[in-house]
Every structure is written in C-alpha cells, then in structure tokens.
Amino acid sequence: MGDDTWKDLFPGAFSQAFFFSSFNVRDLHTVDNGILEHLYPTMDSGEWDVLIAHFLGVDHCGHKHGPSHPEMAKKLSQMDQVIQGVVEHLTNDTLLVVAGDHGMTINGDHGGDSELEVSAALFLYSPTAIFSSVPPEEPEVIPQVSLVPTLALLLGLPIPFGNIGEVIAELFSGGTDAHPHSSALAQASALHINAQQVSRFLHTYSAATQDLQVSELHRLQNLFAKASADYQQLLQSAQGAEVPLQTVIAELQQFLRGARALCLESWARFSLVRMAGGAVLLAAACFLCLLASQWTTRPGFPFSPLLLTSVACGLAGAILYAGLLATTGLKLDSVILGTAAAGGSLLPFLWKAWAGCGSKRSLATQLPIPGPVLLVLFLRLAAFFSDSFVVAEARATPFLLGSLILFLVAQLHWEGQLLPSKLLTTSRLSFSAPTGPPRHGGTYALRLGVGLLLCTRLAGLFHRCPEETPACHSSPWLSPLASMVGGRAKNLWYGVCVGALVALLIVVRLWLRRYGNLKSPEPPVLFVRWGLPLMALGTSAYWALASGAEEAPPHLQALVAGASVLLPRAVMGLAASGLLLLLWRPVTVLVKAGPGASRTRTILTPFSGPPTSQADLDYVVPQIYRHMQEEFRGRLERTQSQGPLMVAAYQLGSVYSAALVTALVLLAFPLLLLHVERISLVFLLLFLQSFLLLHLLAAGIPISTTGPFTVPWQAVSAWALLATQTFYSTGHQPVFPAIHWHAAFVGFPEGHGSSTWLPALLVGANTFASHLLFAVGCPLLLLWPFLCESQGPRKRRKPLAMEAETRGRFEEEEEEPLMEMRLRDAPHHFNAALLQLGLKYLFVLGVQILACALAASILRRHLMVWKVFAPKFIFEAIGFAVSSVGLLLGIALVMRVDGAVSSWFRKLVLAQQT
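As the structure is a computational prediction, the values presented were derived from the model and not from experiment.

(A) Up close: the packing of aromatic side chains. Tallying each qualifying case throughout the model produces 20 aromatic pairs. On the numbers, 5.1 Å between centres and 35 degrees between planes, the contact of Phe 224 with Phe 255 is tilted. One end of the pair, Phe 224, is in helix α8 (residues 214-236); the other, Phe 255, is in helix α9 (residues 242-267), with 31 residues separating them in the sequence. The exposure class assigned to Phe 255 is buried, which follows from its relative accessible area of 2%. With 5.7 Å between their ring centres and 55 degrees between their planes, Trp 477 and Trp 493 make a pair best called tilted. Of the two residues, Trp 477 is situated in the loop between α17 (442-459) and α18 (487-514) and Trp 493 in helix α18; the sequence distance between them amounts to 16 residues. Of the residues examined, Trp 477 reaches a relative accessible area of 28% and is grouped as partly exposed. Here Arg 585 stacks its cationic end above the ring of Trp 584, 5.4 Å away from the centre of that ring. Over the aromatic face of Trp 493 sits the side chain of Arg 678, whose NZ or CZ is 5.0 Å from the ring centroid.

(B) View of empty space enclosed by the protein. Scanning the entire structure with this criterion turns up 9 cavities of 30 Å³ or more. Size it by volume and the largest cavity reaches roughly 190 Å³. In terms of lining residues, the largest cavity is bounded by 19 residues, among which Thr 724, His 771, Gln 848, Glu 876 and Gly 879 are the most central. Those elements that provide at least two residues to the lining of the largest cavity are α24 (713-729), α29 (827-858) and α30 (865-913). Take the lining of the largest cavity: its biggest share by element is 6 residues, from α30. Looking at the lining of the largest cavity, its residues break down into 10 nonpolar, 5 polar and 4 charged.

(C) Here's a closer look at a nonpolar patch on the surface. A cluster of nonpolar side chains, contributed by Leu 9, Phe 10 and Phe 14, occupies part of the molecular surface with about 290 Å² of accessible area. Relative to the helices and strands, Leu 9 is located in helix α1 (residues 5-9). Since its relative accessible area comes to 57%, Leu 9 is described here as exposed.

(D) Layout of the pattern of salt bridges. Taken as a whole and assessed by the stated rule, the structure comprises 9 salt bridges. Among the ionic pairs, Asp 32 bridges to Lys 75, the shortest N-O distance being 2.9 Å. Residue Asp 32 is located in helix α2 (residues 30-45), and its partner Lys 75 is located in helix α4 (residues 70-88); the two are separated by 43 residues in the primary sequence. Take Lys 75: its relative accessible area is 1%, and that puts it in the buried class. With a closest N to O distance of 3.3 Å, Lys 226 and Asp 230 form a salt bridge. Separated by 4 residues within a single helix, Lys 226 and Asp 230 lie in helix α8, roughly one turn from each other. For Lys 226, a relative accessible area of 44% puts it in the partly exposed group. Look at Asp 230 and you get partly exposed, because its relative accessible area is 22%. The network of salt bridges with shared partners includes Arg 380, Glu 393, Lys 872 and Glu 876.

(E) Quick look at the nonpolar core. Counting 152 residues, the largest nonpolar core has Tyr 656, Leu 781, Trp 784, Tyr 841 and Phe 843 as its most contacted members. Per-element accounting of this core gives the leading share, 16 residues, to helix α22 (residues 655-673). With sequence-adjacent residues up to four places away left out, Leu 781 is seen in contact with Leu 694, Leu 697, Phe 709, Val 711, Ala 715, Val 716, Trp 719 and Leu 837.

(F) Broad picture of helix α14 (residues 371-383). If you check α14, its first and last C-alpha atoms are 18 Å apart, about what 13 residues at 1.5 Å a residue would give, namely 18 Å. Considered for burial, the residues of α14 that qualify are Val 373, Val 376, Leu 377, Arg 380, Leu 381 and Ala 383. Relative to the axis of α14, the buried residues are bounded by an arc of 160 degrees and lie together on one face.

(G) Broad picture of the packing of α22 against helix α26 (residues 769-776). Remark: α22 packs on α26, axes separated minimally by 10 Å, with the N-to-C direction vectors making an angle of 170 degrees. Compared by their axis directions, α22 and α26 come out roughly antiparallel. Within the contact between the two elements, α22 uses Leu 660, Leu 664, Leu 667, Ala 668 and Leu 671 and α26 uses Ala 769, Leu 772, Leu 773 and Val 776. Split into classes, the residues belonging to the contact of α22 with α26 amount to 9 nonpolar, no polar and no charged.

(H) Main features of the side chain of Glu 876. Tracing the backbone through its elements, the reader meets Glu 876 in helix α30. Here Glu 876 falls in the buried class, since its relative accessible area comes to 12%. For Glu 876, the side chain forms a polar contact with the side chain of Gln 848, separated by 2.9 Å. Setting aside anything within four residues of it in sequence, one finds Glu 876 in contact with Gln 848, Ile 849 and Cys 852.

(I) The packing of helix α3 (residues 57-64) against α4, seen in detail. The contact between α3 and α4 brings their axes to 9 Å, and the two run at 170 degrees. One finds that α3 runs roughly antiparallel with respect to α4. Facing α3, whose interface residues are Gly 57, Val 58, Cys 61 and Gly 62, α4 presents Glu 71, Met 72, Lys 75, Leu 76 and Met 79. When its residues are assigned to classes, the contact of α3 with α4 shows 5 nonpolar, 2 polar and 2 charged.

(J) Spatial organisation of the side chain of Asn 194. Along the chain, the position of Asn 194 falls in helix α7 (residues 180-209). Contacts of Asn 194, omitting those with residues within four sequence positions, involve Pro 149, Ile 159, Gly 165, Glu 166, Val 167 and Leu 256.

Each value, and the rule that gives it
- Residues numbered from 1 in each chain as written.
- Predicted model: local features only at pLDDT ≥ 70, side-chain atom pairs only at ≥ 80, totals over all residues.
- Heavy atoms only, no water.
- Phe/Tyr/Trp six-rings, centres within 6.5 Å; stacked < 30°, edge-to-face > 60°.
- Helix = DSSP H or I, 4+ residues; strand = E, 2+ residues; numbered from the N terminus.
- Buried < 20%, exposed > 50% of the residue type's maximum accessible area, 1.4 Å probe, protein only.
- Lys NZ or Arg CZ within 6 Å of the ring centre and 35° of its normal.
- 1 Å grid on protein atoms, 1.4 Å probe; cavity = no way out; pocket = protein on both sides within 12 Å on 5 of 7 lines; lining within 4 Å.
- Points joined across faces, edges and corners; volume = space filled by probe spheres on them.
- Nonpolar A, V, L, I, M, F, W, Y, C, P; charged D, E, K, R; others polar.
- Patch = residues over 30% accessible without salt bridge, like charges linked within 9 Å, V, L, I, M, F, W, Y side chains within 5 Å.
- Areas by Shrake-Rupley, 256 points an atom, 1.4 Å probe, with all protein chains shown as cover.
- Salt bridge = Lys/Arg side-chain N within 4 Å of Asp/Glu carboxyl O.
- Core = buried A, V, L, I, M, F, W, Y, C linked by side-chain atoms within 4.5 Å.
- Contact = heavy atoms within 4.5 Å.
- Expected span 1.5 Å × (residues − 1).
- Arc of directions from axis to C-beta.
- Axes fitted to C-alpha atoms, helices over the stretch in contact; angles between N-to-C directions.
- Parallel < 35°, antiparallel > 145°, perpendicular 65-115°, else oblique.
- Polar contact = N/O pair within 3.5 Å; in protein donor to acceptor, adjacent residues only side chain to side chain.

Right, here's the structure in full:
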C-alpha cells in the first residue's frame, strides 16, 4: 500500500494492494492518508505474510518545503504516531522494519551520492527478542554490505536471484554474550547462503550472456568451491578451530566482493567503435557548419544542387549499409544505419571543402575566427574534460562572458571607435547598416559594458550549489514562496515578484511603442495591448494561490484547487493564441491612405545621388518611373477631387524585430509559470542583459559595406554564453537530482494519469527554458544593428511639385531611416546572412556537445564519469536539440515576416497600378 512504483516493479506480486499516485511532489497527504485508511484494518485481519506500507509525505515535504519547514515537523510527528500505532498492533511473531530508501540534502533533494543523501535510517523491532542481547551501541561500520540479502535472511525468505550484495553478517552473530565460535559460525552460515545465491546467479548469467571475463570467473568459481568445501568440513567436525573459521569467513567475503567487482566491470562496458564513429560524425558536422557559414558569403554558391546531392548521398549510404547487412545475414542496427546516412550526406560538402583547400585560398582564410573568441571557446571546451570545472561551470561561465564583454570594449578602443559621435553617412543601395564613426560616443559603449557586467553579477546571485561543494550555500531565492515562514516576508517577496513581472511587461511595451509598433490595428498588436496584461494578471494570481494554498480556509479549498488548475492553463492558452495570431498576421504596420499622405514616409526606398553602376540603374529607373506615374496621376486627380490618393506605411523599419520580441515575450510567460515565483527576477535580467548585449554589439562593431552583412563571432559566442549563464541562474544544474519535477504539476495538480509525454514536456520546458528563448531570439543579432540605425529623423530637401522644382522652391521634409527595410535591398544577401548566423550558432553549440562527448568517452573509466561527465553530456545533448528547434523556429518566424511583407508590397503595388 502507498507508492504506486511497486505496481510497475512487481506486477501481480501482491495478493492485495492499495496503490496511490506518487509523482506529484506537491501533494503531501494523499498517499499517507490512503495508507492509514487501510493499514490498521489489514494488520488486524491477519490475512497477510509481508505487509509493505510506503509513505511519501516526508519525501514530498522535503522537495516542496525543505527539511526545516514547519510542515516537515508535522509530517515527522505524524510518522512518529504511525510507528507507535503499528507497534501497538504487532503480534509476537511479527518483525517491524522501518527503513528510509534515501536521505535528504539541506535543500530537501536527493538522488546524488553525498553523505546526506546516501545515509538512511534502519530500525528493527519485534515484541519477541531476536537476539540474546542488545548489540553494541556503536557497531563497526562494515563496507560493501547490502540491506536486501540481510532482510531476506532475517525474514526467512530466499535472497533475490539477481542480487549481488553482501549480507550484514554481524547481525547474525547472536549478540555480545554469544560464544565466539558460535557467533563466527552463524556469520559464516549467513555468508555461505549469500555466496550460494551469488554463485548460482553468476553461473546462469554467464551462460546466457557470455560477457563476463572467463579467467576471473574461473578464479571466483574456484574460490567459492574452496570456501564451500572448508565450510562443509567445519560443519562435520564437532569442534572447529577458530582460525580456520575466520579463514572461511574471509574467503566467502572475498568471493562476494570479487563477484560484485566482476559484474560491475562487465556491466560498465563501452563500444569504442561507436564512440569513435559518433565523435567523428559530430566533428565533421561542426566542421561543415563552420565551412558553410563562410560559403554563404560567396556569390552564386550552388546551395540547392549541393543539398539535393547530399540527400541523395545519404540515401545511397543507408541503402548500401542495408544491402551489406542483407547479404551477410547480420542484424540491422538502426544506430549504424542512421550513421551511414548522416555520413553519406556529409560527403559532398566535405569534398567541396577539400577542393576549396586545394585552391589558392588557405584554410585559415576560410575560417576567420578572431583570436580572443577562439581562446574563450577553447577554454570553455577544455574545461569539459575536468570534473572540477564542470562542477564549477556556473561560476566559470559568467567569468568567460565578462571577459568577452571586456574584450569587446577593448576592441572598440583599439579600433578608434570610442570617439565622440559624428554625423552618419547613409550608404547608398548597399546591404549593410551605416558605417563610419560609431553611432554613439565612447561613454555610451562603456555604460553598456558596465551595465552588462553588473547584470551578469546580479544574475550570479541566483545560484544552486552542486552537491560536490558542501561549503557552498545555494541561493534562498530559488525556493518557492510557499516554503517561507512568516507572512510579512512572504508578502514582501510576492510584491517584488509581481513588480518584476510588471516591469518586464512595461519594458517590452515601451520598446514596441518607441518604434511605433503599438499603433497598428493588427491582431498581434491588439493582443500585446490586452492579452499580455491578462497573462501577467493570471500569473500573479496563480502565484498568490500557490504560495498560500496551505493557509486557505477549509471552505475555500475547493475554489483554490480549481483556480490552481484554471489559471496556468489559461495563461498557456493565451500564449499559444498569441503565437498563432503572430504567425497569421506577422506584419505589424500601420497603413494610411488618402489625400495629404505624401508628406509621410512612403513604401518607396529613397535613392540619393547619380547612379554609378548598372545595378543602380536597374534600381533607380523603376523608382523614377513610379514617381512620375504618381505625380501624373496626382495631377489628374487634383483636377477632379481635393487631392491625390497616396499610401503611407509606418513601423516598417522594425517589422522583423517587433515580431521576434513579441514571440519571445509570449514564450517567456508560460516558461516563467513553470518556475518558482522569484525566478521572475532572473527573467527580467535575461531580457535586460539581452538588450544591453545587442546594443553593445550594434553600437560598436564595425559593419562592412562591401558585401553582405555578417554577424561577428563575438556576438554569437556571447549569445551562447548568455544562454548557459541563464540556465544556471534559473536554479538548474546538469545533474538529475537538480531537475525541477514540480513543473510537471503546474496546471495539473492531480497528476497526468498514465500520460508521460505532457509531464516530460513541462519538465523539459522548465529545464531548457534559457536554451529555447535565446535560440528563438538569435536572429536579433542580425536585425539589431539595422534597428539601431534610427537615431532621430534627418532632414532632406524635397520638391513640392514638378512645377515647383523648375522654380527652385523646396521644402524641408523629415526622412525616416530605413532600418530593417534596408535588408530588402538585396533579399538574397538577407537570406545568406540569416543562414550564416544559424550555422555559426549551431557551430558554437556543436563544438560544446562534441567536447562533452569526447570527455565522457576518454574519461569513461573516471571515478566521476556517471556523476559528472555522462550527465553533462546528456544535458548538453538535449539542450542542443532544444536550441536547434528554437533556432529553426526563430528563423522560420523571420522568414514568415519577410514573406508577409513581400506579399503586402505586391498587393500594395497592384492596388496602386489599378
């Protein structure tokens, strides 16, 4: 009765069972109350041989509140009463075993191998004396012993067949008053029964799998045969000598420990061929991303034919492998099949790279990664080979990020960018942002750098200490408000969390308003105006219920429970609706038509100066023709009506960034809901750090006007480091005990039944929230420099009319900068830059997972491989998958906006022509 995990481990093993869902760690009482409903009646009925009651209240209370909360004292008092009640119902032939399956850290967690986690209590009681005397108060600690065979022998049950543990022989010594020879003989008997069971297991297992070391297996079999023969000889003699008996005990213990070491050695095996093949495949993919990121800038590179060739080569490799297996009669391995397909798809790109290296261009010129960025990247990757550095990555990442920021500021100084601001010169018909002197003075760049370093330091206040550093103290701000004692402090923190939520909402709305994207009547803009405040209100209300649910009056419990289900689901539903609206109508522009609109900014891109090339002529001739056509139509209409009908569009300069920022905010709300309340401060810092980093990169890094815009490696590396830092700032660690399981019950307090994909999705979204947000927002690195072109309107001279131009009369008109509309001057360059940015980001993430894979492979026999290196590799691999999906979604959203803008332009031109 109790934990339903027993049902899955031992199906059909119990004559009667009362199971209760155990996955909801926020539920402290359902399992315990269910047990108490059936425990005492079942004991009094006598219709049982072994009764197991698995209570979970203390465990769940530790996860929810920690060991020092008043709720823990209540649960412990309840367990005291349960044990007292069970003792009162015991009969003389019954043994009571009270055992903990694990310990608990000072934060209430478990799952690691620290002393607090692996130390658990064991209490045995029987109304009838089991031993002739009480064991010593401080028994000697015996290593490498197991509770399972010990309990089995004490209960008179056979030791489980698959168990390879060593029995606690001292419990069978008969107490301190027993004769030494009788005590040793009892220990030898228990060890011999244990050794017989292990010997049968080794014989059966080796015959079925044949993967144990033959020589070591023969040695252990001979050792057991000798120890068994000595034991039988002792039983046949009336008075055995004490020294031979101790020798038999030592031989049996040596056999048991040797068998355990043999099994562990065999079960911790590695396929070196697969590990090497996987590493080579990862390295080739990373190398391909690096090369392809440079090929995108070459004019006329045949990407489409090369992609089709890669798909064909991948299919050919898979078919070839399947054919070889069919002819040889071997078993098809899906892993090797996928590897063959992936390796075949890489061959055309690698052949192209080899051909490129054979030309005059050297490989170094094709891979221009700045030295400081390469150094930071190398230090980060090399740290994955040290368990100490992996454990301390939460502190190392802000250091590397701060170093990269300081390098950016120093680079601005070395290149003379920290100078007084000057007037900008707008590049004519070039796919690039304005160049020349910096947009701001050096003081502005310094303020951005200092602010970014300060935010990085503040984010470090939210940290969770690894269990390998017992002297470290985790931030108390990572615990939920429900774990706080004291109403005033809880209310104060609740106000701070709600304030951070409101501040995040206000900052985003002010940013959208600054660029005029809140004036549009489009559905996404209306949702930002009214839907986001509703989401913030729902989140705040849910926090209030979650932090005070235990204190709610009894007559409001049902209402609180219903609201705890409805509110988070409503917030998530609103977020999903907002994203769908954004995909449906992503162009957030304001269009005006009517007389007098000619004084506003039109959809036509300005062109200044005489044309100097054929490309200029191709561009300027249609513009002149359209201008003349509009003027001629305007003259005709002025003769019939009060003025010309012109079309003006606003907010086109930030149409891409506005869609991305809106999508990020819509994603942030449900992700924030999956975290504890005080993580809202981290999310606020996340957006603030992102904006500061984007402005620093846009304000100081020079942009070339001779070719397509290229996002610097410094920006991509800093963006990836910022994602990793936020992962740790939100209270996560790359170990399984640190997973926030409570996220699975946000909106589902009663559990998910038999479903596993939905709780896995919620927990995964909580764990890799930073990876998803920064991957979706990665295109902002490309868009932000164009967005920052706007530093106030500039004046240009425009003729009032064709006749006015002949008379030399001009008027001054404000000309808005093109900003992101400059990207549409050369769409093919825009697509290439977007692809290049994605490849660079994948390369940075790819080399990280490659380093983790190599570390886990090379250090596979390291003491900390399963504690540090393997979990780090798993978390890095899942994070890479989430980041890849997020990057695809971010680029897809930008392409969706671009397609919608193109369609909007075509419709507008057709409307003007008709």
